[in-house]
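Architecture and fold: a report
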Amino acid sequence: MTNDQESPVEERTVRRLAPGPSGSVLFGALSSFKKDTLKLLVELQRRYGGIVRTKMGPYLVHQITEPEHVKHVLQDNSRNYSRGRFYQGFKLFFGHGMLTTDGPEWKTRRAVSQPFFHRAKLRAGAPTITDTVNELLDSWADPAARDEPVDITDDMMRLAMGVLGRLLYGVDLRDYAERLLPAVRFSLKAMILTGEVKQMLPRWVPTRYQRQLKHYQRVLNGVMDEIIELHRRGEGSDDSVVTALLNATHDVTGKPFTNTQIRAELKTLFLAGHETTGCALTWTLYALAQHADVRRALERELTEVLGERVPTADDLPNLPYLRQVVDESLRLYPPIWLFPRDAISDDEIGGYHVPAGSTVLIPLYAAHHNAATWESPEAFDPNRFCAARRDRYDYFPFGGGARKCIGMDLALLEIQLTVAMVAQRYRLSLVAGHPVTPGALVSLRPLPSVLMSIRRRH
Ligand code: HEM
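Structural notes, computed from the coordinates. Because the structure is a prediction, the values reported are computed rather than measured. (Residues numbered from 1 in each chain as written. Predicted model: local features only at pLDDT ≥ 70, side-chain atom pairs only at ≥ 80, totals over all residues. Heavy atoms only, no water.)

**Side note on the nonpolar core**
- Counting 140 residues, the largest nonpolar core has Trp140, Tyr169, Leu173 and Phe270 as its most contacted members.
- At 13 residues, helix α16 (residues 259-290) tops the list of elements feeding residues into this core.
- Setting aside chain neighbours within four positions, we find Trp140 in contact with Val150, Ile152, Asp155, Met156, Val422, Tyr426, Leu428 and Ile454. (Core = buried A, V, L, I, M, F, W, Y, C linked by side-chain atoms within 4.5 Å. Buried < 20%, exposed > 50% of the residue type's maximum accessible area, 1.4 Å probe, protein only. Helix = DSSP H or I, 4+ residues; strand = E, 2+ residues; numbered from the N terminus. Contact = heavy atoms within 4.5 Å.)

Structure below.
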């Protein structure tokens, strides 16, 4: 007797399988998935709809983009979903921290950092942001005068690093940039499971890749340890996440956080916070340089509301077009373009069976480029954000549910202030002959880099 004959009729009818490419094995190897990932995700969504069943290498995967399905996984039935196997790769550089853990282990970590992201605290930090932006804009005076191109990606990463360090760690992380930036660049590729042999070999096999991996892990750990040590010696800020972590009690162990645990939190905030914000800033300036009409409308608003004065957090509600520009940039170029979950128990999404242990991928890049939701999805048009959003889960650059990005308000504040200040002072244009494409690394990186000419406005 086959399993089918043994199954009750109800079970057989309930277990409908979601549509997907025939034979289910779409990606013969994970490495082929890497080649044109973004197009592939959009194409799957277009061809099969809001839930697609497929296989990535040996793994059964459901890609979901339908807003109700995304809400189901992130919010309504979120208890049934863990970070899962694809987040394991992130532990290589993030460690065992807020981003990579679940349940009480996650909760105790999030609770320690949360007060640093409250709106009132962020408003108080706005002058630190505008000071840091001013330093950068002053440093552009020379290249502007000499008509030398500037690497905007690099500058935006350093800016985001500077802001994050000053606001959260009470130190200027740009002082560590020469060590940190190469480690970040390596980690962005290493953390994505590609199925390549170099990643699959046991850690003890002495390959060049393993040596590099260990080297950059040591670099990142080393910088975080120096910052912790500074605080232990009493030379750090009393009002920093580092001090809060040193004074906190871990809910699960009932003991203080260990050095490894504190380091993981610092790495998590650093990696999750500066790279995403740096990408968002770069893409927004890139889009403005490509769309003179949008840039002019933004300049008009800034002139009317601010003139030449430095913006404050209180100005932002009076700058609606600035916010629309940022929202549209986060739609077209979502810095986190995909994130995964694994189903703990069998589930049903939109009437389709999702077995325990399988992976659910949430490609927000495909959701944000869905032609069924967005008219001319490839166009950069801030006016689509004039009206209030209809559905939270057709646009979710910061995720959703309890695991929604802790840094959302900080990122939005920083991006708006920075874009306003850049547009007040400079006009940026892309250097010809340096095309840019979105690279699907851990973040959506503009590759190879965004080179711009900068010209003073006044
Ligand atoms: C434009 C900038 C940013 C974008 C687009 C972004 C996007 C996201 C997304 C989509 C998630 C959810 C991932 C998931 O559910 O699997 C997330 C989580 C997270 N983000 Fe952000 N992020 C940004 C800035 C920041 C900043 C500035 C920080 C901190 C300084 C930060 C720290 C984190 C952390 C720690 C998590 C994990 C939260 C948790 O699981 O409880 N992010 N981010």
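**Here we look at the site of the ligand**
- Residues in close proximity to the ligand total 29 residues, the closest being Tyr87, Trp106, Arg110, Arg341 and Cys405.
- Tyr87 is positioned such that a nitrogen or oxygen atom in its side chain is 2.6 Å from an oxygen atom of the ligand.
- Within the side chain of Trp106, an N or O atom sits 2.7 Å from an oxygen atom of the ligand.
- Elements with a minimum of two residues in the shell around the ligand: α8 (103-113), α11 (152-169), α16, β6 (339-343) and α20 (408-425).
- With 7 residues, the top contributor of residues to the shell around the ligand is α16.
- Among the residues making up the shell around the ligand, the classes are represented as 19 nonpolar, 6 polar and 4 charged. (Near = heavy atom within 4 Å. Polar contact = N/O pair within 3.5 Å; in protein donor to acceptor, adjacent residues only side chain to side chain. Nonpolar A, V, L, I, M, F, W, Y, C, P; charged D, E, K, R; others polar.)

**A look at empty space enclosed by the protein**
- Per the counting criterion, the structure on display carries 4 cavities of 30 Å³ or more.
- Looking at the second largest cavity, its volume works out to about 80 Å³.
- Around the second largest cavity, the lining residues are Leu285, Leu288, Ala289, Arg295, Val419, Val422, Ala423, Tyr426, Arg427 and Leu428.
- Of all the elements in the fold, those that place two or more residues in the lining of the second largest cavity are α16, α20 and β10 (426-430).
- Residue classes in the lining of the second largest cavity are distributed as 8 nonpolar, no polar and 2 charged. (1 Å grid on protein atoms, 1.4 Å probe; cavity = no way out; pocket = protein on both sides within 12 Å on 5 of 7 lines; lining within 4 Å. Points joined across faces, edges and corners; volume = space filled by probe spheres on them.)

**Concerning the pattern of salt bridges**
- All chains considered together, the criterion is met by 31 salt bridges.
- The closest approach of N and O atoms between Glu265 and Arg109, which form a salt bridge, is 3.3 Å. Pair noted here: Glu265 is in helix α16 and Arg109 is in helix α8, with a separation of 156 residues, a long-range link. Assigned by exposure class, Glu265 and Arg109 land together as buried.
- For Lys121, the salt bridge is made with Asp239, and the minimal N-O distance between the two is 2.7 Å. On the criterion of sequence distance, the pair formed by Lys121 in helix α9 (residues 119-139) and Asp239 in the loop between α14 (208-232) and α15 (241-247) is long-range, its members being 118 residues apart.
- Overlapping salt bridges bring together Glu135, Arg166, Asp172 and Arg174 as one network. (Salt bridge = Lys/Arg side-chain N within 4 Å of Asp/Glu carboxyl O.)

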